[in-house]
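Here are the chains, one letter per residue:
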Amino acid sequence: MSTISKDSLKTSLLQLECHFTWSLMKENIVLETLEETILDHIKFVEECNITDYNILSYVCHLKNSNEEALRNLQKAEEAIQKHHPGEIARRSLVTWGNYAWIYYHMQRYKEAQTYVSKVENSCKKLSSTAHGKIQLPEIYAEKGWALLRFGKKYFESAKNCFEKALKSEPNNPDFTAGYAIAMFRLVSFSEMSDEEMRPCLEALKQAVELNPNNTTLLALLALKLQQLKQDNEGERYIEEGLQKTPDFPLFLRYAASFYRKKGEIGKAMSILKRALALTPNSALLHHQLGLCYKFKILQLKKERYPPQEEVDNLIELAIFHLKTVIDKKPVFFTAYCDLGNIYALGERYEEAEEIFQRVLQINDIPCDDKQVIYFNYGNFQHFQMKSDSKAIEYYIEGLKMEKDSYRRKRCIEVVEKLLKQKIKHGLGHATDFGRLGFVHKLNGRKQEAIECYEKATALDPNNEEYVNALAELQLSISS
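Chains are numbered independently. Their residues run from 1 in the order of the written sequence. A pLDDT threshold of at least 70 governs which residues receive local features in this predicted model, and a stricter bar of 80 or more applies before side-chain atom pairs are shown or counted, although totals over entire chains, interfaces and linings include all residues. As a rule here, side-chain values cover all heavy atoms of the structure and leave hydrogens and water aside.

A word on the overall build of the chain
Numbering goes from the N terminus for both helices and strands, where a helix is a DSSP run of H or I of at least four residues and a strand is a run of E of at least two. Secondary structure assignment for the chain yields 24 helices and zero strands. Projected onto the principal axes, the alpha-carbon positions of the chain cover approximately 80 × 60 × 40 Å. Here's how the labels work: a residue is buried when its accessible area is under 20% of the maximum for its type, exposed when over 50%, partly exposed in between, all with a 1.4 Å probe on protein chains only. Looking at the chain residue by residue over its 479 residues, the buried ones come to 50%. Summed over its atoms, the accessible surface of the chain is roughly 23900 Å², and 48% of this surface lies on carbon and sulfur atoms. Two residue types count as positive, namely Lys and Arg, and two as negative, namely Asp and Glu; His and chain ends fall outside the count. Think of each charge as sitting on NZ of Lys, CZ of Arg, CG of Asp or CD of Glu. Distance between charge centroids for the chain: 1 Å, based on 65 positive and 66 negative side chains. Using a 1.4 Å probe, the Shrake-Rupley method yields the accessible areas, and only the shown protein chains count as cover for residues.

Here it is as structure tokens:
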């Protein structure tokens, strides 16, 4: 193929709406884990799996298994023919786009061009203005499902895709399900009031109404109701789900989470073990089991004379499950904190330090995860290692993450208390006054911040950070 026609093919490929043009970056996920998740979904969900096979083909390509990718696209085509025999062209645009890209990467340019032409011709028939790109609600929805699979960085974009799809078909069960799940995921990573969570609750209720057999939605609705202190109503949905799909691992994971948060640890663990028997490699199930063992350890430690052998046994079990999480899903950053905290509970401080250092040295961790890590490591230094100076350092790092959250509020509270204690005992240096000034400034207490920065600059007059912060605060008060 000539360079010109190859460049022309690449230009056409970039116009297609498919997984290869949706900026789905493999750096944000673990390919093997995602592949396993999709295969489990295909195995346990009876509805047509067009979306699953399409994304699986893309994952296989990212793993350099293009032949396997083609086989999955064939399965997607078979599902389209079975479930949408009257709309084959309309439903195949994403699949054909993926075919074109995979053939292009295999240097089979003639076949790539054939699929580009199929998409372009179909788009012209479906819309007189389209050339490889067409704004169909099914394509928005498929993009939304793909974005949800690639991690929390993409959840907002996924929600936007489902919103666009719903504009055309407001009562489409698949689109309402996707929108509700995207909303749930987004609010799960945010600190929100009950009123702010109301749209998510309403979206889940509508999705459940339109998808009565989808127990994933039942479980998410139950968890949201639990968060709103409506446990009894939530539990009714969990019980209904257990009746409908007693062997669906994804539902079982959510059901276990519901009972764990309710404090019914035995019930949660029983459900988790059933789910793990069905999907033994699930990092999320191992994580939940680790948290259940942690709960049991903390309960035993509250006793006047804790049974040490039982505590040690539970610590080993928790460590096993949390190590499995990190091995299977190294990007599950907060699981490192959970493991570090378990080591700390067992007074195995060197191993705790090692696991915290391991996660602290990872680059490109999302801000909200970083905040969790700094908060937990600050706690470890404060409570276990009795090193307030190190604790202050990491709490400060945590509150520098501007995402407003429970952990940020706790970082501010604890660091203010520790700095005031240090200064009260005559141990305050310029750094401590500067840090306390920074905390006061964050809390909107400008006068107290000015006083701290004045003391900091008196002790360290050449520090530009303190001088600038002081000048900025004085200016804001005078203006």
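Having seen it, we continue.
Points about the packing of aromatic side chains
Each pair of aromatic rings taken from Phe, Tyr and Trp, with Trp reduced to its six-membered ring, is defined by centres within 6.5 Å and is described as stacked if the planes are under 30 degrees apart, edge-to-face if over 60, and tilted in the remaining cases. For the coordinates displayed, the defined rule picks out 19 aromatic pairs. The interplanar angle of 15 degrees and the centroid separation of 4.4 Å between the aromatic rings of Tyr99 and Tyr115 together place this pair among those described as stacked. Here Tyr99, found in helix α5 (residues 88–105), pairs with Tyr115, found in helix α6 (residues 109–126); they are 16 residues apart in sequence, far enough to count as distant. The buried category is assigned to Tyr99, whose relative accessible area is 2%.

Looking at the side chain of Glu142
Assignment of secondary structure puts Glu142 in helix α7 (residues 137–149). No salt bridge is formed by the buried Glu142; its nearest oppositely charged neighbour, Arg91, is found at 7.7 Å. Polar contacts, as counted here, are pairs of nitrogen or oxygen atoms within 3.5 Å of one another; within protein the pair requires one atom able to donate a hydrogen and one able to accept it, and residues that are adjacent in sequence qualify only if both atoms are side-chain atoms. A distance of 2.9 Å separates a polar atom in the side chain of Glu142 from a polar atom in the side chain of Asn54. Should any heavy atoms of two residues lie within 4.5 Å, those residues are considered in contact. Not counting residues up to four positions away in its chain, the partners in contact with Glu142 are His19, Trp22, Ile50, Thr51, Asn54 and Val94. Criterion for a salt bridge: a side-chain nitrogen of Lys or Arg within 4 Å of a carboxyl oxygen of Asp or Glu.

Describing the packing of α5 against α6
Helix-helix packing is described using two parameters, namely the angle between the two axes and the distance between the axes. Axis definition: a line fit to C-alpha positions, over the contact stretch in the case of helices; interaxial angles, taken between N-to-C directions, run 0 to 180 degrees. At a closest axis distance of 8 Å, the pairing of α5 and α6 adopts a crossing angle of 155 degrees. Put simply, α5 runs roughly antiparallel to α6. Considering only the axes of α5 and α6, their crossing is left-handed. Here α5 contributes Ala89, Arg90, Leu93, Trp96, Gly97, Tyr99, Ala100, Tyr103 and Tyr104 to the contact with α6, which in turn contributes Tyr109, Glu111, Ala112, Tyr115, Val116, Lys118, Val119, Ser122, Cys123 and Leu126. In terms of residue class, the contact of α5 with α6 is built from 14 nonpolar, two polar and three charged. For classification purposes, an angle smaller than 35 degrees is called roughly parallel, one larger than 145 roughly antiparallel, one from 65 to 115 roughly perpendicular, and anything else oblique. Helix crossings fall into two classes, left-handed where the near helix is turned counterclockwise from the far one by less than a right angle and right-handed where it is turned clockwise. Under this grouping Gly is polar, as are all residues other than the nonpolar Ala, Val, Leu, Ile, Met, Phe, Trp, Tyr, Cys and Pro and the charged Asp, Glu, Lys and Arg.

Remarks on the environment of Ala391
Tracing the chain through its elements places Ala391 in helix α20 (residues 388–400). Classification of Ala391 by relative accessible area gives buried; the value is 0%. Setting aside its immediate chain neighbours within four residues, Ala391 contacts Gly378, Gln381, His382 and Leu418.

Details of helix α17 (residues 333–345)
Relative to the 18 Å expected for 13 residues at 1.5 Å per residue, α17 spans 19 Å between its end C-alpha atoms, a close match to the ideal helical length. Across the 13 residues that make up α17, a large majority, 13, are buried. Once α17 finishes, Glu347 follows within two positions and takes phi at roughly 60 degrees, a positive value. Here, expected helix span is obtained from the residue count minus one, scaled by 1.5 Å.

Some remarks on α20
Given a rise of 1.5 Å per residue, 13 residues ought to cover 18 Å, and the 18 Å separating the end C-alpha atoms of α20 matches this to within 8%. For α20, the complete set of buried residues consists of Ala391, Ile392, Tyr394, Tyr395, Ile396, Gly398 and Leu399. Along its buried surface, α20 packs onto α18 (349–360), α19 (367–384), α21 (406–424) and α22 (430–442).

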